[in-house]
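# Coordinate inspection notes
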Amino acid sequence: MVLEAIRRVLLICFVFSILAVKGLSRIHGLDYAAKTVTNEDGDTYDCIDFYKQPAFDHPLLKNHSFHPQMTPTFQPQMIGNNNDDLMVNETATDIPFLKDGGCPHGTVPIRRMNKSGGISKAKISNTTNGVISVSGTHFAISQTNTNMWKLYNGVGAVMSVYNPRALPSQYSSAEIILKGGTDSIIAGWTVNPQKYRDSKTRLFVYAVAGDMHCFDSECGFVHVNSRVPIDFALEPVSKLGGQTYINKFFIHRDPKWGAWWLQFGMKKPITIGFWPQKIFKGLQESATYAACGGEVFTPENIPPPGMGTGYIPRFGYYDGSYCREFVVVDDKYNTVKADSIESYATNDAYAVFHQYHKPYLYVRFGGPNPGLAMDVSLPSNK
C-alpha cells in the first residue's frame with residue numbers, strides 16, 4: 001500500500017515536472033506559454049508559439065505558409081538612418097528589448113492583461129479628406145494630395161514621443177497612415193487606457209481591412225520578433241521645455257509577396273511584423289494615400305484629450321508635437337520626401353501645419369489639454 005502510494009506520488013511529480021520543463025501554463029485562452037518575462041517597467045509578457053498568436057484567428061489566415069524566420073525581401077533606404085541625424089535637444093527612446101534574452105525561438109511575446117479590451121473603432125461613420133473617421137475621433141495631420149496616378153509603397157517619419165493625459169474612455173495618438181480604397185494601416189504611439197489597461201505611451205498598430213477594424217494582432221498583424229512586443233511601452237517620454245525623445249516608425253510593402261512590414265528604430269530598423277496581403281482589398285497593391293500627425297478619440301459630451309504636448313503648435317516655436325523626416329516609398333520603391341502635401345484638422349480644438357526646416361519636412365500638431373496652463377513660457381527656435 002505504502003509503495004503504491006509512493007509510486008503514484010512520483011508519477012504525479014514526474015508529470016508536473018514535464019509540464020514545468022515545457023513551460024506549459026494556460027495563458028490568454030490561446031495556448032501555453034513557453035516562457036514568461038516581466039520587464040523592469042512591470043509589463044509581463046507570455047511567450048506564445050508563433051503559430052498560435054491571435055493573428056491566425058483571422059478567417060483569411062487559416063491556411064498560410066508564414067514562419068517565424070520571415071524577413072522583408074527588400075529593404076527600402078531609410079533617409080537619415082542613423083543617430084547622427086538627431087537634432088539639438090533630441091534623444092532616441094530606448095529600444096524596448098525584453099529582458100533575459102526575450103522569448104525563445106519560434107515564439108512571440110504577448111502582454112498579459114487581466115481582461116482584454118479596447119476602444120472599438122468599428123463604427124465607421126464617414127471619410128474625411130481620405131481618412132476614415134469615427135464618431136468622436138479627431139485628426140490633425142499632414143497628408144499627400146489625392147492623386148489616383150500616384151502610388152505609395154511605404155511611409156515613415158521620426159516622431160516626438162509624449163505622454164498626453166487621456167481618460168479611461170479616450171485615447172491620444174501620434175501616427176503614420178497608409179490608405180488604399182477603404183483599407184488603411186496605422187502605426188505609431190498611443191496612450192489608450194481602455195485598450196492597454198494603463199496610461200503608458202505604447203507602440204500600437206491598427207488596421208481597417210475589409211469589414212474588420214482593430215488594434216495590434218487582432219486584425220491579422222503577424223508578429224515575428226521574439227524580443228520586441230507589439231505594444232511595448234516607450235520610455236523615456238518628452239517633457240515640454242525639456243529633452244525631446246523621438247523615434248522612427250516605418251511601414252513598407254514587400255515587392256515580392258505584397259505584405260506590409262512594420263519597422264521601428266532610429267539607427268538600425270527593427271522588424272516587428274507584417275500585415276499579410278490577403279487580409280486586404282484596397283491595400284493588396286500599392287497605397288494611394290500617406291499621412292502623419294495626431295489622432296484623438298473621446299466619447300460624446302466629454303471634452304477631448306490633449307494631443308501630443310497639449311499645446312497648439314506655433315510657427316517658430318517648439319511647443320507642438322511633431323513628425324519630421326516625413327517620407328514615402330514611391331512606386332519604384334525609392335524612399336523620397338513627401339511632397340504636394342496638405343495639412344488639416346477635423347476639430348477646431350486642434351491645429352497642424354507643415355514647414356520645411358532644412359534638411360527635413362516637419363509636421364507640427366497638437367491641441368488643448370485642459371490640464372495644462374496655456375500661458376507657460378515656451379522656448380523659441382528663432
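For the structure, check the block above.
As a starting point, this report considers the structure included with it. From a predicted model like this one, the values you see are computed outputs, not experimental measurements. (Residues numbered from 1 in each chain as written. Predicted model: local features only at pLDDT ≥ 70, side-chain atom pairs only at ≥ 80, totals over all residues. Heavy atoms only, no water.)

## As for the overall build of the protein chain
Per the secondary structure count, the protein chain includes two helices and 23 strands. Counting over 382 residues, the protein chain shows a buried share of 54%. Contacts spanning at least 24 positions in sequence make up 71% of the contacts within the protein chain whose residues lie at least 6 apart. (Helix = DSSP H or I, 4+ residues; strand = E, 2+ residues; numbered from the N terminus. Buried < 20%, exposed > 50% of the residue type's maximum accessible area, 1.4 Å probe, protein only. Contact = heavy atoms within 4.5 Å.)

## Describing the packing of aromatic side chains
Inspection of the entire model under this criterion finds 17 aromatic pairs. Measuring from centroid to centroid gives 5.9 Å for F66 and W257, while their planes differ by 40°, and the two rings are tilted. Taken as a pair, F66 in the loop between β3 (44-49) and β4 (90-92) and W257 in the loop between β15 (244-253) and β16 (260-264) lie far apart in primary sequence, 191 residues in all. The class for F66 is buried, based on a relative accessible area of 9%. (Phe/Tyr/Trp six-rings, centres within 6.5 Å; stacked < 30°, edge-to-face > 60°.)

## Points about the pattern of salt bridges
According to the stated counting rule, one finds twelve salt bridges in the structure shown. For D43, the salt bridge identified is with K200, shortest N-O distance 3.2 Å. Of this pair, D43 sits in the loop between β2 (31-38) and β3 while K200 is found in the loop between α2 (193-196) and β12 (202-209), placing the two residues 157 residues apart along the sequence. Residues joined in a network through salt bridges with shared partners are D43, R111, D198, K200 and R202. (Salt bridge = Lys/Arg side-chain N within 4 Å of Asp/Glu carboxyl O.)

## Here's the deal with the pairing of strand β10 (residues 171-180)
Burial runs high along β10: ten of the ten residues are buried. Of the two faces of β10, the one holding Y171, S173, E175, I177 and K179 and the one holding S172, A174, I176, L178 and G180 are both buried throughout. Here β10 pairs with strand β18 (residues 289-297) via nine bridges, running antiparallel. Bridged to S173 within β18 is E295. (Pairing = 2+ DSSP bridges.)

Interpretation note: all reported values are geometric properties and have no functional meaning in isolation.
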